[in-house]
Amino acid sequence: DDEFTGLTVEGTPIDIDVMKSAGIEGCDYVVCVTEQDNTNIMAAQIAHEIFKLDNIICRVLDPVKAHAFESLGIPTICPTSLAFESICSGLFGNKSNSKLVHYGGTSIEFNTIPYQRHMKGKLLSELNKKSEEHRLFAVIDSHNIITLYSPSADRVVTETDRLIFAHVVL
């Protein structure tokens, strides 16, 4: 577009000279979003290993590659996984109160539990001790405000609370 005033560089995104001409050495962030997973992965690796950049995000369409690459330390965004999670949430949203989040090389499952009769009069800290694997992460109040759980701010569970428990999935 003639109105675009930014820098445009044409070339192979994994070519070091092309990266230099695009100004990679002065970048604060690198975002790798070509249509090819392997190209994005290679460009991210070059930015990290050769140019010693840390703020890199890599889009990877294949969830298996995304998970493997994430374990190498480069944050990835996988539209395929995001779409799958959204579809499952749409289909089972009222039945399933869990969310799986991939962070680094680890997956964390968050389960939302509504108030139940056995919780009456209990402190949040008491409910947190029920399981070694599932830890109380946060509380959603009647206004849908999420407050992260802190033992120093312990309180009694109310009937309008929904509790979010976190569990590391191996």
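Conventions and cut-offs
- Residues numbered from 1 in each chain as written.
- Predicted model: local features only at pLDDT ≥ 70, side-chain atom pairs only at ≥ 80, totals over all residues.
- Heavy atoms only, no water.
- Helix = DSSP H or I, 4+ residues; strand = E, 2+ residues; numbered from the N terminus.
- Rg over C-alpha atoms; globule rule 2.2 N^0.38 Å.
- Contact = heavy atoms within 4.5 Å.
- Areas by Shrake-Rupley, 256 points an atom, 1.4 Å probe, with all protein chains shown as cover.
- Lys, Arg positive; Asp, Glu negative; His and termini not counted.
- Charge placed at Lys NZ, Arg CZ, Asp CG, Glu CD.
- Pairing = 2+ DSSP bridges.
- Axes fitted to C-alpha atoms, helices over the stretch in contact; angles between N-to-C directions.
- Core = buried A, V, L, I, M, F, W, Y, C linked by side-chain atoms within 4.5 Å.
- Buried < 20%, exposed > 50% of the residue type's maximum accessible area, 1.4 Å probe, protein only.
- Arc of directions from axis to C-beta.
- Salt bridge = Lys/Arg side-chain N within 4 Å of Asp/Glu carboxyl O.
- Polar contact = N/O pair within 3.5 Å; in protein donor to acceptor, adjacent residues only side chain to side chain.

## As for the overall build of the protein chain
Part 1 of the argument: A tally of helices and strands in the protein chain yields five helices and eight strands.
Part 2 of the argument: Its helices and strands in sequence order give the protein chain the pattern α-β-α-β-α-β-α-β-β-α-β-β-β, from N to C terminus.
Part 3 of the argument: Computed over C-alpha atoms, the radius of gyration of the protein chain comes to 22 Å, more than 25% over the 15 Å expected from 2.2 N^0.38 for 170 residues, which places it beyond the range of a compact globule.
Part 4 of the argument: Dimensions of the protein chain, computed from the C-alpha atoms along their principal axes, are close to 65 × 35 × 35 Å.
Part 5 of the argument: In the protein chain, the proportion of contacts linking residues at least 24 apart, taken out of those at least 6 apart, comes to 52%.
Part 6 of the argument: Per element, the accessible surface of the protein chain, about 11,600 Å² overall, is 56% carbon and sulfur.
Part 7 of the argument: Both charge centroids of the protein chain, one from 14 positive and one from 23 negative side chains, sit 17 Å from each other.

## Concerning the side chain of Asn111
Part 1 of the argument: By the element assignment, Asn111 lies in strand E5 (residues 106-114).
Part 2 of the argument: Setting aside residues up to four positions removed in sequence, Asn111 forms contacts with Asn97, Ser98, His134, Leu163, Ile164 and Phe165.

## A short note on the sheet that holds strand E1 (residues 30-32)
Hydrogen bonds between backbone groups are what pair the strands of a sheet, and the pairing can be parallel or antiparallel.
Part 1 of the argument: Sheet architecture is open: three strands sit in the order E1-E2-E3, paired in parallel fashion. At either end of the open sheet lies a strand with only one pairing partner, and these are E1 and strand E3 (76-77).
Part 2 of the argument: Bridging between strand E2 (residues 56-59) and E3 involves two bridges; their strand directions are parallel. Looking at the pairing, Arg59 lines up with Ile77 of E3.
Part 3 of the argument: Sitting on the sheet, helix H2 (residues 37-49) touches E1 and E2, and the angle it makes with E2 is about 170°.

## Quick notes on the nonpolar core
Part 1 of the argument: If you look at the biggest cluster of nonpolar residues, it comprises 18 residues, and the most contacted ones within it are Ile24, Val30, Cys32, Ala44, Leu53, Ile56 and Cys58.
Part 2 of the argument: Among the elements of the structure, E1, H2, E2 and helix H3 (63-70) are those that each provide at least two residues to this core.
Part 3 of the argument: Considering each element in turn, this core owes the most residues, five residues, to H2.
Part 4 of the argument: What Val30 contacts, discounting residues up to four positions off in sequence, is Ile24, Ala47, Leu53, Asn55, Ile56 and Ile57.
Part 5 of the argument: Core analysis: the next-biggest nonpolar cluster, separate from the first, contains 10 residues, Tyr115, Leu124, Val157 and Leu163 among them.

## Side note on H3
Part 1 of the argument: Those residues of H3 lying buried are Ala66, Phe69 and Glu70. Down the axis, H3 shows its buried residues gathered within 100° of arc, on one side only.

## Observations concerning the pattern of salt bridges
Part 1 of the argument: Taken as a whole and judged by the stated rule, the model has one salt bridge.
Part 2 of the argument: Put simply, Asp161 and Arg155 hold a salt bridge, and the shortest N to O gap is 2.8 Å.
Part 3 of the argument: According to the relative accessible area criterion, Arg155 is partly exposed, its value standing at 31%.

## Regarding the environment of Tyr115
Part 1 of the argument: Looking at the secondary structure, you find Tyr115 in the loop between E5 and helix H5 (124-128).
Part 2 of the argument: Remark: the alpha-carbon pair of Tyr115 and Ala47, spanning 68 residues in sequence, is separated by 48 Å.
Part 3 of the argument: Not counting residues up to four positions away in its chain, the partners in contact with Tyr115 are Lys120, Val157, Thr158, Glu159 and Asp161.
Part 4 of the argument: Within the structure, Tyr115 has its side chain in polar contact with the backbone nitrogen of Lys120 (distance 3.4 Å).

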